[in-house]
Amino acid sequence: MDLVFGSAGEMALAQRPTVAAGEPFEASLESAFSEYYPRIVKVLERMLGDSFEAEEVATETFLKLAAQRLPLSEYKNLGGWLYRTATRLGIDFVRAAERRRHYERTAAGELQTFDTPLEQVLRNDRVRAVRAALARLSPFQSQILVLRSHGLAYKELADALNIKATSVGALLARAQAAFEKAYRLAETGREK
Amino acid sequence: MSHVSDGVLRARFDGELGEADLPAVERHLSTCAACRARADRMASSAEAIHALFSRQAAVPDETGPDVAEAFARFQNRRKDVFSERVPFWSALAARMRVPAWVAIGAVAVVALLVASPPTRAVARKLLGVFRAKTVVAVPMDHDFVANGKGQIISDLLSSSTTVTLDEQPRDAANVEEAALLAGFAPRLPAIRSDPPRILRVEGAHKFYLTADRKRVESFAELVGRPDLRLPPELAGAKVMVDIPRGVRAVYGECPDVPAAMAQSSRLTSCLDFLQVPSATVTTLPELDLAQLAEIGLELTGMTQAQAQSFGRTVDWTSTLAIALPRESARFDEVTVDGQRAVLIVGRQYLDWPTRWALIWVGQERVYSLSGFGDPQSALQVAGSLR
């Protein structure tokens, strides 16, 4: 049983939007969720360096899918749509987090910096630098790099990102150069 | 053949160069030292970047997400406009259902009850009866949740829950009726000239939990921390929780269609105010709350030294602990009604308006006030309560 009553879920709204979708939609949504959710989380972990956030953004991705109210059979390439949407939400998330970073530093207080194991400190620094670099790239460049690293073939990348398969190599090369530059900057220009 | 482009080199590295192009490229590389050098450079850079991303994803003892749980959470959020649109809110609401953030045993029950900002629970020591007098925020590591430790603690307590009273909420026509139903006169913010759009008396609840003997004994193994042994007297311990009726007042234009989220100016009129007389949590007096709290704090990501020094600053028998995921929210300690209060500010997400919540305990009541926009407005609203 759910012990938390009066949770945010019951925010006492007079009219909630009814989920008026038919049964087939619900069933296909559930099977799409089971099929793709783990993969989407994996991609987002590559981008965000944090499984909690990856799951949050993955959930947002499926909320977006559900909000489209479009029968899933209508999607030419559902996996591609999910990859594109998830990485785009992920990069928006990274950018927003980067903008707010100084807030978080003050908010987290001393507890988190004090006595943290060295390995964790190094990981945190690396995660931060990768995120700072991704935030400096164009969203598209971040998306293509992360999706390629996740293991998408050129054809799949082309489908997911609406580009021509023949230009994937050149776009990757450019994104890679941009990332390298941004990462070096993020590493050396780190405030901490 | 002219020199090979970076794009072609990258495609060659990825094994994506067409059969037709490959021989010509290889032939050129065999004669062009400069292009070979560029190809090597391209490969090592691509590998380095791939390694960076892969290490981003590296989580120790990775089992992947729990899809069934994730789907349930997803379905939950679809029903709830607020959390569907505001990840901070959902992080607090959905994730914090796991009662574990703060500590185990009675303290965990408190956490479980206050798991979401409509705050409920509490503590005063009186032969093992607790009632909240103040409030404290505890930052929590994500991997605490992600690695399923929260679930282990949740199971520890919630596997054996007996509900003895579960009242439904009732809408009240006016403040007088709400006072009559709730059994106390609710305070309302004078700063709002509009009447509450919803005035609701939340039902009373009573239940008890029994800490599972086997799970208590194997706890240290379950969480992978042999150093964290639960006190044996927790096994089979009963925790009684008694939550009285509360009053919720909702003001203004709270969005009921997702599209409304885009109009942030309207959202700032939305205000959700909940007040509940402190619940009572009764458990065995011999349970060492401070010890349980320290174990809980260590599980949320503190070291033993931190847990001890933080734990000492808190009287666990009278403190409402609110655990916050570090990355999802920041919090400040402020003063309301002359009491210590916690102002939680959600992390900016996309361009959606900031969500905030203000929680404090005063006059034997737990208050939770939440809204959108400038968090400082929370203090003005709280200051105008009559």
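Residues numbered from 1 in each chain as written. Chains lettered and ligands numbered in written order. Predicted model: local features only at pLDDT ≥ 70, side-chain atom pairs only at ≥ 80, totals over all residues.

1. Quick notes on the overall build of chain B
- Tallying secondary structure elements over chain B gives 16 helices and 15 strands in all.
- Classification of the 386 residues of chain B by burial places 49% in the buried group.
- At a minimum sequence separation of 6, the contacts of chain B that also span at least 24 residues come to 69%. (Helix = DSSP H or I, 4+ residues; strand = E, 2+ residues; numbered from the N terminus. Buried ≥ 20, exposed ≤ 12 C-beta atoms within 10 Å, placed from the backbone. Contact = placed C-beta atoms within 7 Å.)

2. Regarding the overall build of chain A
- Across its full length, chain A carries eight helices and zero strands.
- Listing the helices and strands of chain A from first to last along the sequence gives α-α-α-α-α-α-α-α.
- For chain A, contacts bridging at least 24 residues in sequence account for 73% of all contacts bridging at least 6.

3. Concerning helix α2 (residues 51–68) of chain A
- Given a rise of 1.5 Å per residue, 18 residues ought to cover 26 Å, and the 26 Å separating the end C-alpha atoms of α2(A) matches this to within 8%.
- Downstream of α2(A) by a residue or two, A:R69 has a phi angle that is positive, lying close to 55 degrees. (Expected span 1.5 Å × (residues − 1).)

4. Structural notes on the nonpolar core
Residues and elements named next belong to chain A.
- In terms of nonpolar packing, the biggest core is built from 65 residues, with I40, L44, A58, A86 and A133 touching the most fellow members.
- Top contributing element to this core by residue count: helix α1 (residues 23–48), with ten residues.
- Beyond its immediate chain neighbours, meaning those up to four positions away, A58 contacts Y37, I40, V41, L44 and A86. (Core = buried A, V, L, I, M, F, W, Y, C linked by C-beta atoms within 7 Å.)

5. Comments concerning the environment of B:T164
All names here are of chain B.
- Tracing the chain through its elements places T164 in strand β3 (residues 161–166).
- When the C-alpha atoms of T164 and Y208 are compared, they prove to be 8.0 Å apart, with 44 residues separating the residues in sequence.
- Aside from chain neighbours lying at most four places away, what touches T164 is K206 and F207.

6. Focus: the packing of helix α3 (residues 78–99) of chain A against helix α7 (residues 154–161) of chain A
Residue and element names in this part refer to chain A.
- Orientation of α3 relative to α7, taken along the N-to-C sense of each, is 70 degrees, at an axis distance of 8 Å. Taken as axis vectors, α3 and α7 run roughly perpendicular relative to one another. On α7, the residues touching G80, Y83 and R84 of α3 are D159, A160 and L161. (Axes fitted to C-alpha atoms, helices over the stretch in contact; angles between N-to-C directions. Parallel < 35°, antiparallel > 145°, perpendicular 65-115°, else oblique.)

7. Some words on the pairing of strand β8 (residues 246–251) of chain B
All names here are of chain B.
- Counting buried positions along β8 yields five of six residues, so the element is predominantly enclosed.
- By the bridge criterion, five bridges tie strand β5 (residues 198–202) to β8 in an arrangement that is antiparallel. Each bridged residue has a counterpart across the sheet, and for E202 the counterpart in β8 is G246.
- In this structure, β8 lies alongside strand β9 (residues 271–277), joined through five bridges in antiparallel fashion. The residue of β9 that forms the bridge with V250 is D272. (Pairing = 2+ DSSP bridges.)

8. A look at the packing of α2(A) against α3(A)
Residues and elements named next belong to chain A.
- Interaxial distance between α2 and α3 falls to 9 Å at its minimum, and their mutual angle equals 130 degrees. Classified by the angle between their axes, α2 and α3 sit oblique to one another. As α2 runs across α3, the sense of the crossing is right-handed. Seen from α2, the contacting residues are E53, V57, A58, E60, T61, K64 and L65; seen from α3, they are L82, T85, A86, L89, G90 and F93.
- Split by residue class, the contact of α2 with α3 holds seven nonpolar, three polar and three charged. (Left-handed = near helix turned anticlockwise from the far one by under 90°. Nonpolar A, V, L, I, M, F, W, Y, C, P; charged D, E, K, R; others polar.)

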